[in-house]
Amino acid sequence: MKGSIVAIVTPMNSDGSIDFDSFDKLMKFHEESGTDGIVLVGTTGESATLRKDEREEIFKFGKNYKNVALMAGIGSSSTREACELAEIALKHDIQNCLAVTPYYNKPSQKGLTLHYKELSRTGAKIMLYNVPGRTGIDLLPSTVNVLSEINNIIGIKEAVNVQSRFKDLKQIKDNRQEFLLLSGDDPTFVNFMEYCGDGVISVAANIIPAKIKELCDLCVLEKFNEAKILNEKYLNLYDLLFTEASPSPSKFLLEKMSLLENNLRLPLHPLSEKFKEEVYEAYKKI
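Just so it is clear, the model here is predicted, and its values are computed rather than measured.

Caption draft 1: Region of interest: the overall build of the protein chain. The helix and strand tally for the protein chain stands at 13 helices and 8 strands. Rg of the C-alpha trace for the protein chain: 18 Å, near the compact-globule value of 19 Å for 286 residues, within the 12% margin. C-alpha extents for the protein chain along the principal axes are approximately 45 × 45 × 35 Å. Residues classed as buried in the protein chain amount to 57% of the 286 residues present. Relative to all contacts within the protein chain whose residues are 6 or more apart in sequence, the contacts with residues 24 or more apart total 70%. As displayed, the protein chain offers around 12,500 Å² of accessible surface, 47% of which is attributable to carbon and sulfur atoms. Taken together, the 35 basic and 40 acidic charged side chains of the protein chain have centroids lying 3 Å from each other.

Caption draft 2: Up close: the side chain of Asp19. Note on placement: Asp19 falls in the loop between strand 1 (3–7) and helix 1 (20–33). One buried charged side chain, Asp19, makes no salt bridge at all; its nearest oppositely charged neighbour is Lys25, positioned 7.0 Å away. If we skip the residues at most four places from it in the chain, Asp19 touches Pro11, Met12 and Asn13.

Caption draft 3: Molecular detail of the packing of helix 1 against helix 9 (residues 209–220). Axis separation between helix 1 and helix 9 bottoms out at 9 Å; the angle between their running directions is 35°. For the pair helix 1 and helix 9, the sense of crossing is right-handed. Residues Phe29, His30 and Ser33 of helix 1 form the contact with helix 9, whose participating residues are Pro209, Ala210 and Lys213. Looking at the contact of helix 1 with helix 9 residue by residue, the class counts come to 3 nonpolar, 2 polar and 1 charged.

Caption draft 4: Structural view of the sheet that holds strand 4 (residues 96–100). Here we have 8 strands rolled up into a closed barrel, ordered 1-2-3-4-5-6-7-8, and parallel in their pairing. Strand-to-strand twist across the sheet, computed as the mean angle between neighbouring axes with direction ignored, equals 25°. Two elements, strand 4 and strand 5 (residues 125–130), share 5 bridges in a ladder whose sense is parallel. Bridge pairing links Val100 to Tyr129 in strand 5.

Caption draft 5: A look at the packing of aromatic side chains. In this structure the tally under the stated criterion is 9 aromatic pairs. A centroid spacing of 6.3 Å and a plane angle of 15° characterise the contact between Phe20 and Phe23, whose relative ring orientation is stacked. Here the residue Phe20 and the residue Phe23 both occupy positions in helix 1, the gap between them amounting to 3 residues, near one helical turn. Overall, the relative accessible area of 24% leaves Phe20 in the partly exposed class. Its relative accessible area of 0% is what places Phe23 among the buried residues. A centroid spacing of 6.3 Å and a plane angle of 20° characterise the contact between Tyr280 and Tyr283, whose relative ring orientation is stacked. You can see Tyr280 and its partner Tyr283 sitting in helix 13 (residues 273–284), 3 residues apart, about one turn around the helix. Here Tyr283 falls in the partly exposed class, since its relative accessible area comes to 22%. We note Lys256 situated over the ring of Tyr280; from NZ or CZ to the ring centre the distance is 4.8 Å.

Reading the values: the criteria
Residues numbered from 1 in each chain as written. Predicted model: local features only at pLDDT ≥ 70, side-chain atom pairs only at ≥ 80, totals over all residues. Heavy atoms only, no water. Helix = DSSP H or I, 4+ residues; strand = E, 2+ residues; numbered from the N terminus. Rg over C-alpha atoms; globule rule 2.2 N^0.38 Å. Buried < 20%, exposed > 50% of the residue type's maximum accessible area, 1.4 Å probe, protein only. Contact = heavy atoms within 4.5 Å. Areas by Shrake-Rupley, 256 points an atom, 1.4 Å probe, with all protein chains shown as cover. Lys, Arg positive; Asp, Glu negative; His and termini not counted. Charge placed at Lys NZ, Arg CZ, Asp CG, Glu CD. Salt bridge = Lys/Arg side-chain N within 4 Å of Asp/Glu carboxyl O. Axes fitted to C-alpha atoms, helices over the stretch in contact; angles between N-to-C directions. Left-handed = near helix turned anticlockwise from the far one by under 90°. Nonpolar A, V, L, I, M, F, W, Y, C, P; charged D, E, K, R; others polar. Pairing = 2+ DSSP bridges. Phe/Tyr/Trp six-rings, centres within 6.5 Å; stacked < 30°, edge-to-face > 60°. Lys NZ or Arg CZ within 6 Å of the ring centre and 35° of its normal.

So, to be careful, I would describe these as geometric facts and stop short of saying anything about function.
The following block contains the structure:
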């Protein structure tokens, strides 16, 4: 799975239940926008507040959409639960699984290696996900290098935005060309793709999917200068989508776009009033 991949939000009703009618609208919106792939129940999909049976409902629901590739979010701080979620995804014909590093308990690099080796034994295609700012642990390139030797560990979503990290990951890819490198940082993904990347798993693609797709396509064609100039137009929106905890700003805009109701599960909450005008004005200028 390469190119423009959206970390899709999970629509919810006012009582907190999953709003599958709105979910259908979102899925069709991305099919029509040319999105290359959709991550179901990633962290942007409020995975931390969803029960295992609810994740299964979403994985089952996703099977209905044949025109876009799917990836299942199976992240958990429990290795056993993450493995169970991978098996549930496979049961519903989703082979690709995105597994964020176990959060809060801060495993060692050895613990991370053992965690992902267990996940690989499920037979799913495992995409590593490193986002230290949210998990408290950094999956180091040396550990990624070891894990890249496992055939069904297929790549990494990397949210550390430093050139030395790009360089280390490129060396891993040089040794295994099919190992996918996906950016997890909207503002810098064009630079990441120029250096070594295969695409982005994007929050902003919830709001501007066709534009993120256009940027990815330009990068694939190696038109990086054109992509960088175009990307400048979206930098303010990228920042504002994290004004409060994601996906609060995204859901606010998606309601403005008549694609869902702006409902989240606690401890997340709808975008605060003081931020609404700035976020909406930034969107309207695009």
